[in-house]
Amino acid sequence: MRGKMSALKRPPSREPAFESPPVSSPQETSLPRITPREFKARWQPASNLKERSASQSHFNDVCALVGEKTPVEADPDGTWYTFEKGASKVGGGKGWADVWKKGCFAWEYKGKHKDMNAALSQLQRYAIALDNPPLLVVSDMETIIIHTNFNNCIHEEHRITLDDLDAPEARQKLKWLFTNADKLKPHATTEIITKQAAEAFAKVAQRLRDKDFEGHRVAHFMTKLLFCMFAEDVGILPGKVFTGLLESVEHRPGRFEGKVKVLFAAMKSGGDFGVVDIPWFNGGLFDDDDALPLDQEGIRQTLRAAQLDWSQIEPSIFGTLFERGLDPSKRSQIGAHYTDSQSIRRIIEPVIKEPIEAEWDATKRDIDVLFTKSITSKRPKVAKLYKAAEAKYEGFLRRLTGFRVLDAACGSGNFLYLALIELKNLEHRVRLEGETYGFHRSFYEVGPQNVIGIEVNDYAAELARVTIWIGEIQWMIKNGMGYSKNPVLQKLEQIECRDAIMNVDGSEAAWPAADFIIGNPPFLGDKKMIAELGEKYVGQLRKLYAGRVPGGADLVTYWFEKARTEIEAGRAKLAGLVATNSIRGGANREVLKRICASGRIYNAWSDEPWINEGAAVRVSLLCFGPEEEHLNGIREVVRLNGQSVAEIYPDLTARQEGARSLDLTTAKQLTENKGCCFQGPVKVGAFDIPGDLARRWLLLPSNPNGEPNSKVLRPWVNGMDITRRSSDTWIIDYGVNTAEVDAALYEAPFEYVRQHVKPARDKNRDEGRKRNWWLHGRSAEDMRKATDNLSRYIATPRVAKHRLFVWLDRTVLPDSAVVVITRDDDTTFGILHSRFHEMWALRMCTFLGVGNDPRYTPTTTFETFPFPAGLMPNISTTDYAADPRAQAIAEATRRLVELRDAWLNPPELVMREPEIVPDFPVRLLPVDAHAAIELKKRTLTNLYNLKPQWLVQAHRKLNEAVAAAYGWDADIQDEEALRRLLELNQKRSVAAVVRLKKSTGDGKSPNKPFQRAFIFGYKGGKKK
């Protein structure tokens, strides 16, 4: 900013909202035109003209040269195209740019032979106030230099001299400045440059690891090399000294290690490297001069890497890519995708940017009031009011520059980097707007000290520090400011390498105080935690967080609970974290219930694609904080999936403004549904066999105990057998507690299990599974007992696109991927296959995998569902056999099943053949090869994808019967049906509590532990 501002003159003007500029007609011929020869003749002799007197005339001639209107002609009001943009600053003075056209360019002039880099720095410094134009232009009337300023693209420079104007290509570039800036957009993106750098870098790292150098030493050495490459390309490491070093030893590789040690030593505290004066870097990265030797090919690979433009790497992704190159366990992910910065901003913007901007806007309103009052005040009050306004400004700046951001699972630093850039952008905006009021201009203070990290992996922790250093330097250069010196790198001891949730001694890890908590904690499901982290660690962790995090919850939920605790204790203001989308249901959801009980979720994306460790997953993004307020009492709009809502529930559904509450997370398990729904047995071994082999064994003579193999062989069904077609798979099943000596009497099956199951079981961590290797890992004894007296039972895939129910014969053993409902009546089947249960299941379930298929569970989806009164699972089918409601449902169910079976297995395609031994289900076989091909298309999934009209009508008839059983209209709306189901659930759960209390004899709470857990388990919802 040029010139000194006067203390106070008038309130800052507010520019009107931008309106799109009118499009010039191609036929317009009234514009004055000059030729390149005339332009050169006019401006070549103008070497002594002053910048201020000549710049507008020069620009008007550029307009005439390319047939464009001048700012005065095109936009007399100066709202979108003007000279002296920003000249309305309090106290007047020169604007932020000599010429500005919204969405196109900012243009700054310098006198001839003056420093045009200074002009560029000014444009960069004020670019944010100029709406970040895609092109920045500097000129001394003799040369025009166009600098690209596109987001996520490399920087390019187009230099046009007076002599170049004869070339149509040069004039075309000038024309694009006004009409189509995108034509000058670089093809290479920072993403491409970063990927190239990462790939080249990984080859060098792999070469060192192949020579058996210790991994952490390699990582530290490679980190120093990459910073040398970056520092050289941004000009901090002068004279291309690092590239020169590599070139000097390419044919004498034995000298590399010694030379690079000397360079590292000079970078530690500053000094000479040959004739080059090396700045003081350090920051901890160059605490030592340790180096590793490179052979000739390694030096050539490093040289090829150094020849890339490291100044333009993208810090938000480079840490992730380089970490994969350094860490052998992640080497296979080098070419995989990474999480893009836009996804990360879905956390950073509502947690950091939006609340700070809201507070600044409120502060500016207060400042404006003080300025307005000063206009009408008597002279002695003017200075006082001005000082009061400036005090508000400086107070806000102190708060802003004092904010701290914590990522307690920071990885290689991409979240922290983007948070730092956001804080720096906010400070930059505030200081520029402070200039418009004439406030004192001071040094920028936001820097690496504003971000804090915890990371258990030391590869990643070191890269996080480098990510932040590079991001800081790039931002300073891009915004026309000088980088730090003496030293160049600040110490980043606040990036700690440790466990964020549990200390080595088993105590809870403490988090440093921070205003904002953000991040992408590790995704590790309940079942994988022990395998990855060890039984001892997981046991200690679950004991430590008992009562706060359920035992079956995913690892990521511990970060959510820790962040919630920090906010509740007043040590943090807001948090935004990423989790797999399974956090919406099951045990994981209990953590979100605690968040909603002590505060609120105010911004969330319930189900989004994400990349984790190179693999595609589905995630939920949640921002949460105190009950009512954001920073300084400023309320935030509640948004779910980008839409404004009144309230977000723990299952990441929402209440719309004006709507009644429908928080299904308050639903309880119902006693009348207990003991009826089960997950199938868990094999833990290759007990399943092809049908042909099973039939050979079925035909063998009796075993030494006189029993046939049919006693231990059963048809087997998994989820795909239900959704597709039968795979004709059988299973060896020794039941619940058959002794080894008895199992061995079934010779062929036992020998198969001994060869194909026992070797893997011998390595199993579970002693019981290792010892009883011939038995399934979990036998599902409760399910077996519940099906003993049934001829058939209801089954549904645990995970499937459509919620499908089928009948299975009692002899069929379901897999763990199948959920079993131990009822054999058509009424129960029909209620489960109605739209009401399907809606309930979809809202109460969790989701699995990239396909985001709903997962049905006995506890959350079945045991919470309120069946129609009198038709509940704890009532015998004979007790409601005469109930007209049950009969209507049963009739509609039988018709639906008949129609489905006829479509799946038409008689012209299928022959029904009895099994080779009695008591097993009939086999369905294709009549010929053509039928076999056609039958592959006839699956339940395909049927429900197609939804032919007959299927729609059959389900409509069933839905009408079930609605009538509830006493509802057949066309009841989904939301209303769910609301009534929730009310029914809550009435029955309260009634169950009353009954259980009365059963103690004195009205007190029950004594049985399981009853206590059921009744007084954690309640969702707000604190009363």
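Before any of the text, the structure's been laid out above.
About the criteria used
- Residues numbered from 1 in each chain as written.
- Predicted model: local features only at pLDDT ≥ 70, side-chain atom pairs only at ≥ 80, totals over all residues.
- Heavy atoms only, no water.
- Helix = DSSP H or I, 4+ residues; strand = E, 2+ residues; numbered from the N terminus.
- Areas by Shrake-Rupley, 256 points an atom, 1.4 Å probe, with all protein chains shown as cover.
- Buried < 20%, exposed > 50% of the residue type's maximum accessible area, 1.4 Å probe, protein only.
- Contact = heavy atoms within 4.5 Å.
- Axes fitted to C-alpha atoms, helices over the stretch in contact; angles between N-to-C directions.
- Parallel < 35°, antiparallel > 145°, perpendicular 65-115°, else oblique.
- Left-handed = near helix turned anticlockwise from the far one by under 90°.
- Nonpolar A, V, L, I, M, F, W, Y, C, P; charged D, E, K, R; others polar.
- Pairing = 2+ DSSP bridges.
- Polar contact = N/O pair within 3.5 Å; in protein donor to acceptor, adjacent residues only side chain to side chain.
- Salt bridge = Lys/Arg side-chain N within 4 Å of Asp/Glu carboxyl O.
- Phe/Tyr/Trp six-rings, centres within 6.5 Å; stacked < 30°, edge-to-face > 60°.
- Expected span 1.5 Å × (residues − 1).
- Arc of directions from axis to C-beta.

Enquirer: With reference to specific residues and values, describe the overall build of the protein.
Expert: For the protein, the helix and strand inventory stands at 35 helices and 31 strands. In the structure as shown, the protein presents an accessible area of about 45,000 Å², 50% of it carried by carbon and sulfur atoms.

Enquirer: Explain helix α10 (residues 296-306) residue by residue, including any values.
Expert: Turning to α10, its buried residues number three or more, namely Gly298, Ile299, Gln301, Thr302, Leu303, Ala305 and Ala306. Looking at the buried positions of α10, the neighbouring elements they touch are α6 (190-210), α7 (215-234), α8 (241-249) and α9 (256-269).

Enquirer: Give me the packing of helix α14 (residues 414-436) against helix α15 (residues 458-478): which residues, what numbers.
Expert: Relative to each other, α14 and α15 sit at 30 degrees, their axes nearing to 9 Å. With respect to their mutual orientation, α14 and α15 come out roughly parallel. Between α14 and α15 the crossing geometry is right-handed. In contact with Leu416, Tyr417, Leu420, Ile421, Lys424, Asn425 and His428 of α14, α15 contributes Thr467, Ile468, Gly471, Glu472, Trp475 and Met476. Residue composition of the contact of α14 with α15, grouped by class: seven nonpolar, four polar and two charged.

Enquirer: I'd love a proper account of the sheet that holds strand β5 (residues 143-148), names of residues and values included.
Expert: Within the open sheet, the six strands sit side by side as β1-β2-β3-β4-β5-β6. Their pairing is mixed. Either end of the sheet is taken by a strand with one partner, and the two such strands are β1 (81-85) and β6 (157-161). For this sheet the average axis-to-axis angle between neighbouring strands, irrespective of direction, equals 20 degrees. Relative to β6, β5 is paired through five bridges, and the arrangement is antiparallel. In the sheet register, isoleucine 145 faces β6, and the bridge partner there is arginine 159. Running at roughly 150 degrees to strand β4 (residues 135-139), helix α4 (residues 116-126) makes contact with β2 (97-101), β3 (105-109), β4 and β5 of the sheet. Those strands touched by helix α5 (residues 168-179) are β1, β2, β3, β4, β5 and β6, and its axis lies near 120 degrees from that of β6.

Enquirer: Provide a residue-level description of the side chain of threonine 811, including the pertinent values.
Expert: Inspection of the secondary structure assignment puts threonine 811 in the loop between β25 (806-809) and β26 (813-814). Looking at threonine 811, the relative accessible area reads 13%, which means it is buried. A distance of 2.6 Å separates the side chain of threonine 811 from the side chain of aspartate 809, its partner in a polar contact. Aside from chain neighbours lying at most four places away, what touches threonine 811 is Arg714, Pro715, Asp919, Phe920 and Pro921.

Enquirer: Before we move on, can you summarise the environment of leucine 406 with the specific residues and values?
Expert: Within the element layout of this structure, leucine 406 appears in strand β9 (residues 405-407). On the basis of relative accessibility, which here comes to 0%, the residue leucine 406 falls in the buried class. Along the chain, leucine 406 and tryptophan 511 lie 105 residues apart, while their C-alpha atoms are 8.6 Å from each other.

Enquirer: So, the pattern of salt bridges: which residues are in play, and what are the values?
Expert: Scanning the model with the defined rule gives 64 salt bridges in all. A salt bridge links lysine 593 to glutamate 590; the nearest nitrogen and oxygen atoms lie 3.3 Å apart. Taken together, the residues lysine 593 and glutamate 590, both in helix α19 (residues 586-598) and three residues apart, mark about one turn of the helix. On the basis of relative accessible area, lysine 593 is assigned to the buried category, the value being 7%.

Enquirer: Please give an account of the packing of helix α18 (residues 557-568) against α19 that cites residues and values.
Expert: Two elements in contact, α18 and α19, have axes separated by 9 Å at closest approach and are oriented at 10 degrees. When the interaxial angle is binned, α18 and α19 end up roughly parallel. Each of Thr557, Phe560, Glu561, Arg564 and Glu568 in α18 lies in contact with α19, whose residues at this interface are Asn588, Val591, Leu592, Arg594, Ile595 and Ser598. Per-class residue counts for the contact of α18 with α19 are four nonpolar, three polar and four charged.

Enquirer: So, the sheet that holds strand β23 (residues 729-732): which residues are in play, and what are the values?
Expert: Working definition: the strands of a sheet are paired by backbone hydrogen bonds and lie parallel or antiparallel to each other. Spatially, the four strands line up as an open sheet ordered β21-β23-β22-β26, and their pairing is mixed. Of all the strands in the sheet, just β21 (688-690) and β26 have a single pairing partner and so form its edges. Contacts from helix α20 (residues 691-698) reach β21, β22 (713-717) and β23, with the element oriented near 90 degrees to β21.

Enquirer: Before we move on, can you summarise the packing of aromatic side chains with the specific residues and values?
Expert: For the structure on display, the rule yields 39 aromatic pairs. The interplanar angle of 25 degrees and the centroid separation of 5.7 Å between the aromatic rings of tryptophan 80 and tyrosine 81 together place this pair among those described as stacked. The two residues tryptophan 80 and tyrosine 81 agree in class, both being buried. Seen from their ring centres, tyrosine 966 and tryptophan 968 are 4.3 Å apart, and the 10 degrees between their planes marks the pair as stacked.

Enquirer: Any chance you could break down the pairing of β3 for me, citing the residues and the numbers?
Expert: Of all five residues in β3, five are buried; the element is thus mostly enclosed. Burial of β3 is two-sided: the residues Phe105, Trp107 and Tyr109 facing one way and the residues Ala106 and Glu108 facing the other way are all buried. Where β2 folds back on β3, the antiparallel hairpin that results is connected by three residues, among which glycine 103 adopts a positive phi of roughly 75 degrees. Across five bridges, β3 lies against β4 in parallel orientation. Across the sheet, phenylalanine 105 pairs through a bridge with leucine 135, a residue of β4.

Enquirer: Tell me about α5, and name the residues and values.
Expert: Between its terminal C-alpha atoms α5 stretches 16 Å, which fits the 16 Å expected from 12 residues at 1.5 Å a residue. Taken residue by residue, α5 has Ala170, Leu174, Leu177 and Phe178 as its buried positions. Across the axial projection of α5, the buried residues extend over an arc of 95 degrees, all falling on one side. Exposed residues on α5 whose side chains face more than 90 degrees from its buried face are Pro168 and Glu169.

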